[in-house]
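The lines below spell out each chain.
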Amino acid sequence: MPLRLALLWLPLLALSAPPELADWQKQYDSWYWKAPATRLENLRWSDNGEYLVFSERGSATSWKRVVCATGETGPAFDPTAVAKAFAALSPAKPASGKPSYTRVVPLDDGRLRLENDAAAWILEPDGRLTGTKPGKAPEAAAASRRQSIGRENLLSATRLGERSPDGRWRVTLKEGNVLLAEEARPETARALTQDGQPLDGWVGPVSWAPDGKHFALWRESVAPVRQYTVVDSLKGTKKDIPYDKPGDDKTERRPWVFAVTGEAPSTPNRELLPLTMNTDRLDWTADGRRLRSQFVKRGFTGHGIVEFSVESRRWRPLLVEEDPKFVFTYASRYRHDLDENRTLWTSERSGFNQLYLVDLTTGRTLNPVTSGPGIMKQVVEVDAKSGELLYLGIGRAADENPYQQHLYRTDLKGRPPLDLTPGDAHHTVEFSPGRRYFIDTASRVDLAPRITLRRATDGHPLATLLTGSLDKLKAAGWQEPIRFRTKDRDGKFDIWGVVNRPYPFDPKKKYPVLEHIYAGPQDSFVPRSFSFWNNNHREPTFNGFYVVQIDGRGTWNRGKEFHQEAWRNLRDAGFPDRIRWLTEFAKHEPAMDLSRVGIFGGSAGGQNTVHALLRHGDFYRAGAADCGCYDNRVDKLWWNEQWMGYPIGPWYAANACASEADRLRGRLFLTVGESDSNVDVKCTYDLRDALLAAGKKDLFELQVVPGAGHGAGERPDLRAKRLRFFIDQLRPPVGG
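Student: It is not clear to me how the sheet that holds strand 1 (residues 41-45) should be interpreted in this structure. Could you clarify?
Tutor: Strand pairing in a sheet is mediated by backbone hydrogen bonds. Such pairs are either parallel or antiparallel. Taken together, four strands build an open sheet; the order of strands is 1-2-3-4 and the sheet is antiparallel. Both edges of this open sheet fall to strand 1 and strand 4 (72-75), since each of them pairs with a single strand only. On average, adjacent strands in this sheet sit at an angle of 15° to one another, irrespective of strand direction. As paired elements, strand 2 (residues 51-55) and strand 3 (residues 63-67) share five bridges and run antiparallel to each other. Bridge pairing in strand 3 links Val53 to Arg65.

Quick look at the structure:
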């Protein structure tokens, strides 16, 4: 009954906005124009990359133009003169205070195109406007915290199609089997296989060697995919979506090689190519003598390349990255073929992800291209002709936060890298067309952005495009986050995090603490760059809370040993490190009251939150968990098998929150979107049932949000309710 009442009443409650929302908006608005800009507005490069234009923040008429080669920066044009030029084009039209253009685009010759979606004008050197066609409107950049490790370059001489490259043969696939016939004589068709079936047989595309003597296919064993029903009671709908879970059978494809001369087809044995999560690529070399195929092991204990030799008729492992615990394949696998015999390959063999030059004929490493300290995060550009490459790295700059990113230049021989973005900050970069120049935006949570145009060859600063200041923000009462580090549970690794003080802050008072947690092993999550506002960090501070965020062991970006704390051990979530971090910080912060600590998070952070209360209830007194993956057997396959492995073992049950439901001591506020298609809502319902069975009904509350998806707990009304929950449980001082 209580659950049903929550479903019925929530839409009615949502009609009246909680008063906290107005307070938050008021504070946000009061700080917005006092905060420094974090990016250049309306930035456009010329096609040749030699000019750039951007607008002044909040202005429709004030634009700057930069000559990249010299760094010369000045007004792009005189807005008054341009307004007169537009008036001269239509003298009978009443003057308008709003410009006719919304975009300014530099041209390769230095002139400017002023345009809107329907019309455009070129601003000539003498100030005249001549009509032209508008260019394509810029696309909004997709927001993404985690970048790809780089654009791969995989060479292949494979010829696709049923017909052989020399025109002599034709392959036909029929009911899972393979037939081969001479192209000119279809009656010569013969079966090369006989045991194939529609759901366990050979599938294309037919991948021919260039000489037409061999071809490759996949043998695909199809497994049915589990369906998950997403319910939306507001729309009155139910929809089944594919949703495989840890331990489920998966469709598997394995490479096979066939010869037109009739030799027995060949596939790698299970010792060489064990059960796979996925396979891809059937790449022949130009001489038709070798076929290469990529794989990822089921359970994510490795990935690599297997190779078939036509001469020996044998398969071999060519390149393999493996670990008995796990390899973070989806974020660390990278291959860039320089030519048919050499490739760039990433590996954590040193304990840190680095880039290596490898001989593809032997699989032997020729030399490291990048090396420690630190981690190679992303290959930005490879110039095979010059032998140079650009990459983003972290943890290399001495005495800096190891999560801060810099851009480096090195060569294929592995010379010491040149830091193109010096300075103790997190650096993001945007390149000009042609990559001769780039914009370096450098900031920290406590350092306003500084935006610099740099030369890509050596990082030489050409122009300072923006220098931010925190003075106005601080004068308005804004307090910068405090960066802090201390040692982990074993005294080995530095643990980094940030603290946001209550607002307003009185050092004579005692304030409770909220930890915002997300300890998913796929990344690190403490903010690195400047933002004057973060909902989860700022909003609770207005009601008398410290808010902290910490990256403990088990998260990514600090090397293999740090990362693999999560192996079969998601319940750990770095809590021994977090508790030590908070304890050490509080020694220097008398106003922080560690007898009143709460914790909140969503998705994996929801799971972390519940584990905090179950396993460390003597430290964390209250928690709010949203849409958590509380049982890794119930959540999606790919994310959970990456850390927990395959097949399912007893460690899965040991990590399930329900297994320790009887240990709940603090108060728990659970939320979940009824229509979550990311984490199966059964995770939440099973936890509810376990808590009820353990006699904990008075210690938790569950709110199901009708029609809402993943992350429903971050809706403004539910953030406000979460805050009221923590106020009730942890009692911050009235008035801040």
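From this point on, the discussion continues.
Student: How should I be thinking about the nonpolar core in this particular structure?
Tutor: As a rule of thumb, soluble globular proteins bury nonpolar side chains together. Residues Leu582, Met592, Val610, Tyr620 and Leu670 are the most contacted members of the largest nonpolar core, which totals 67 residues. A per-element tally of this core places helix 8 (residues 575-586) first, with six residues. Ala35, Ala448, Ala624 and Phe726 belong to the second largest nonpolar core, which has 23 residues in total.

Student: It is not clear to me how helix 12 (residues 682-693) should be interpreted in this structure. Could you clarify?
Tutor: Since the α-helix turns once every 3.6 residues, residues separated by three or four places project in the same direction. Relative to the 16 Å expected for twelve residues at 1.5 Å per residue, helix 12 spans 16 Å between its end C-alpha atoms, a close match to the ideal helical length. The complete set of buried residues in helix 12 reads Cys683, Thr684, Leu687, Arg688, Ala690 and Leu691. Down the axis, helix 12 shows its buried residues gathered within 165° of arc, on one side only. Looking one or two places after helix 12, you find Gly695, whose phi comes out positive at around 75°.

Student: I would appreciate a short explanation of helix 8 in the present structure.
Tutor: For helix 8, built from twelve residues, the straight-helix expectation of 16 Å at 1.5 Å per residue is met to within 8% by its first-to-last C-alpha distance of 16 Å. Within the sequence span of helix 8, burial applies to Phe575, Asp577, Arg578, Ile579, Trp581, Leu582, Phe585 and Ala586.

Student: Even after reading the chapter, I still don't get the environment of Ala286, so can you show me in this structure?
Tutor: In this fold, Ala286 is placed in the loop between strand 18 (276-284) and strand 19 (290-297). Once the C-alpha coordinates of Ala286 and Ala157 are considered, the two residues, 129 residues apart in sequence, prove to be 5.1 Å apart.

Student: Help me out: how do you make sense of the pattern of salt bridges in this one?
Tutor: Two side chains bearing opposite charge may form a pair once their charged atoms approach each other closely. Scanning the entire structure with this criterion turns up 62 salt bridges. Measuring nitrogen to oxygen at the nearest pair gives 3.0 Å for the salt bridge that ties Asp440 to Arg454. Remark: Arg454 occurs in strand 32 (residues 447-455) and Asp440 occurs in strand 31 (residues 437-444); sequence separation between them is 14 residues. Like Arg454, Asp440 is buried. With a shortest N-O distance of 2.8 Å, Asp631 and Arg633 are connected by a salt bridge. By relative accessible area, Asp631 is classed as buried at 13%. What emerges from the salt-bridge pattern is a single network uniting Asp488, Arg489, Asp490, Arg553, Glu565, Asp572 and Asp577.

Student: What is the right way to read unusual backbone geometry from this model?
Tutor: Excluding glycine, a negative phi dihedral is what most residues carry, and trans is how most peptide bonds are arranged. Note that the residue after Tyr503, namely Pro504, is joined by a cis bond; omega there is -10°. For Pro504, the position within the fold is in the loop between strand 35 (494-500) and strand 36 (511-516). Of note, the bond from Tyr646 into Pro647 is cis; its omega dihedral lies within 30 degrees of zero at 0°. Assignment of secondary structure puts Pro647 in the loop between helix 10 (637-644) and helix 11 (650-655). Phi is positive for Glu175, close to 50°, though the residue is something other than glycine. Mapped onto the elements, Glu175 comes out in the loop between strand 10 (169-174) and strand 11 (177-182). Positioned with a positive phi, Ala573 is a non-glycine residue whose angle comes to about 50°. As for its position among the elements, Ala573 is in the loop between helix 7 (560-563) and helix 8. Taking the relative accessible area as the measure of exposure, Ala573 reaches 7% and is therefore buried.

Student: Any chance you could explain the packing of aromatic side chains here in plain terms?
Tutor: Think of a pair of aromatic rings as described by two things: how far the centres are apart, and how the planes are tilted against each other in angle. Within this structure, the stated rule accounts for 41 aromatic pairs. When the ring of Phe86 is compared with that of Trp121, the centres are 4.9 Å apart and the planes differ by 85°; the resulting orientation is edge-to-face. With Phe86 in helix 3 (residues 79-89) and Trp121 in strand 7 (residues 120-123), this residue pair connects regions lying 35 residues apart in the sequence. Ring geometry for Tyr518 and Phe525: centres 4.6 Å apart, planes at 65°, overall edge-to-face. Both residues of the pair, Tyr518 and Phe525, count as buried. Following the ring pairs from residue to residue traces out a cluster consisting of Tyr28, Trp31, Tyr32, Trp33, Tyr503, Phe532, Trp533 and Phe542. Here the basic side chain of Arg253 rests over the ring of Trp218, its NZ or CZ set 4.4 Å away from the ring centre.

So, how was this worked out
Residues numbered from 1 in each chain as written. Predicted model: local features only at pLDDT ≥ 70, side-chain atom pairs only at ≥ 80, totals over all residues. Heavy atoms only, no water. Pairing = 2+ DSSP bridges. Helix = DSSP H or I, 4+ residues; strand = E, 2+ residues; numbered from the N terminus. Axes fitted to C-alpha atoms, helices over the stretch in contact; angles between N-to-C directions. Core = buried A, V, L, I, M, F, W, Y, C linked by side-chain atoms within 4.5 Å. Buried < 20%, exposed > 50% of the residue type's maximum accessible area, 1.4 Å probe, protein only. Expected span 1.5 Å × (residues − 1). Arc of directions from axis to C-beta. Salt bridge = Lys/Arg side-chain N within 4 Å of Asp/Glu carboxyl O. Phe/Tyr/Trp six-rings, centres within 6.5 Å; stacked < 30°, edge-to-face > 60°. Lys NZ or Arg CZ within 6 Å of the ring centre and 35° of its normal.

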